[in-house]
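# Architecture at a glance
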Amino acid sequence: MSENRTEGRGNSGGRQRRGDRQRDEESSFIEKTILVNRVAKVVKGGRRFNFSALVVVGDGKGRVGFGHGKANEVPEAIRKATEHARRHMVQVPLLEGTVPHLVNGRYGAVDVMLRPASPGTGVIAGPTVRAVLDAAGYHNVLTKVIGSNNPHNVVKAVFEALQQLESPEGYANRVGRPVEDIIKDYTVGSHVWGGANSAHA
């Protein structure tokens, strides 16, 4: 009987440690609320208000996601959006704090361009694009948004662009060449920023 009780306590401790690790991971996420919108619905007896929230969540290390939530109260709408964003995070490539190459993303009437930038440039972007890039862990990126400024479409266009990015390792594996040879052709990275004045890719 004593063995069973000891084993039970051991399993409980393991579950507690796993729960602690999960809470630590969640607390390390970068959460940014991009938009909270109030929607009024006319019903018998007056108007009923609902709220919708658009949230971006990332770990600052290349994983990022976005979510949309609706509720009768703002905190609940943000909570739903945050949970959705955490469940749908994607991995995107980081190269020394910037994007590996020039890329364009399009969603609806929005075109988004992301261009690599050298250290010290910062994220040159509007608030919506900046929120996504900050959450993903990018520190130096030049951006341009053409078309609509609808936050939902801008976020989706940014994610469309990010998911087209390819790391040097991924590209080398795809073309069957050593990573060292691929890096030499890149105009992004410390081998360029260390002294050569080269145009960004």
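Look a little higher up for the structure.
Residues numbered from 1 in each chain as written. Predicted model: local features only at pLDDT ≥ 70, side-chain atom pairs only at ≥ 80, totals over all residues. Heavy atoms only, no water.

### Topic: the packing of aromatic side chains
With the rule as written, the count across this model stands at 1 aromatic pair. For the ring pair phenylalanine 66 and phenylalanine 159, a centre distance of 4.8 Å and an interplane angle of 55 degrees mean the geometry is tilted. Pair noted here: phenylalanine 66 is in strand 3 (residues 63–71) and phenylalanine 159 is in helix 4 (residues 151–162), with a separation of 93 residues, a long-range link. Judged by relative accessible area, phenylalanine 66 falls into the partly exposed class, the value being 23%. Relative accessible area serves as the criterion here: at 5%, phenylalanine 159 is assigned to the buried category. (Phe/Tyr/Trp six-rings, centres within 6.5 Å; stacked < 30°, edge-to-face > 60°. Helix = DSSP H or I, 4+ residues; strand = E, 2+ residues; numbered from the N terminus. Buried < 20%, exposed > 50% of the residue type's maximum accessible area, 1.4 Å probe, protein only.)

### Description of the packing of helix 3 (residues 127–136) against helix 4
The interhelical angle for the contact between helix 3 and helix 4, taken along N-to-C directions, is 40 degrees, at an axis separation of 9 Å. Between helix 3 and helix 4, the crossing angle belongs to the class labelled oblique. Remark: the crossing between helix 3 and helix 4 carries right-handed chirality. From helix 3, Thr128, Val129, Val132 and Leu133 reach across to helix 4, where they touch Pro151, Val154, Val155, Val158, Phe159 and Leu162. For the contact of helix 3 with helix 4, the residue count by class is 9 nonpolar, 1 polar and no charged. (Axes fitted to C-alpha atoms, helices over the stretch in contact; angles between N-to-C directions. Parallel < 35°, antiparallel > 145°, perpendicular 65-115°, else oblique. Left-handed = near helix turned anticlockwise from the far one by under 90°. Contact = heavy atoms within 4.5 Å. Nonpolar A, V, L, I, M, F, W, Y, C, P; charged D, E, K, R; others polar.)

### Here's the deal with the sheet that holds strand 6 (residues 110–116)
In sheet architecture, strand pairing relies on hydrogen bonds along the backbone and comes in two forms, parallel and antiparallel. Overall, mixed pairing links the 4 strands, which are arranged 5-6-8-7 in an open sheet. If you trace the sheet from one side to the other, it starts and ends with strand 5 (103–107) and strand 7 (123–124), each paired once. In terms of strand pairing, strand 5 meets strand 6 through 5 bridges, oriented antiparallel. Across the sheet, arginine 106 pairs through a bridge with aspartate 111, a residue of strand 6. Helix-sheet contacts for helix 3 involve strand 6, strand 7 and strand 8 (141–147), and the interaxial angle to strand 8 is about 140 degrees. Running at roughly 140 degrees to strand 5, helix 4 makes contact with strand 5, strand 6 and strand 8 of the sheet. (Pairing = 2+ DSSP bridges.)

### Focus on helix 2 (residues 74–87)
In a regular helix each residue adds 1.5 Å, so 14 residues correspond to 20 Å; helix 2 covers 20 Å between its end C-alpha atoms and thus fits that length. Of all the positions in helix 2, only Ala77, Ala81, Thr82 and Ala85 are classed as buried. In an axial view of helix 2, the angular spread of the buried residues amounts to 130 degrees, which keeps them on one side of the axis. For helix 2, the exposed residues set more than 90 degrees away from the buried face come down to Pro75 and Arg87. Against strand 1 (30–43), strand 2 (46–58) and strand 3 lie the buried residues of helix 2. (Expected span 1.5 Å × (residues − 1). Arc of directions from axis to C-beta.)

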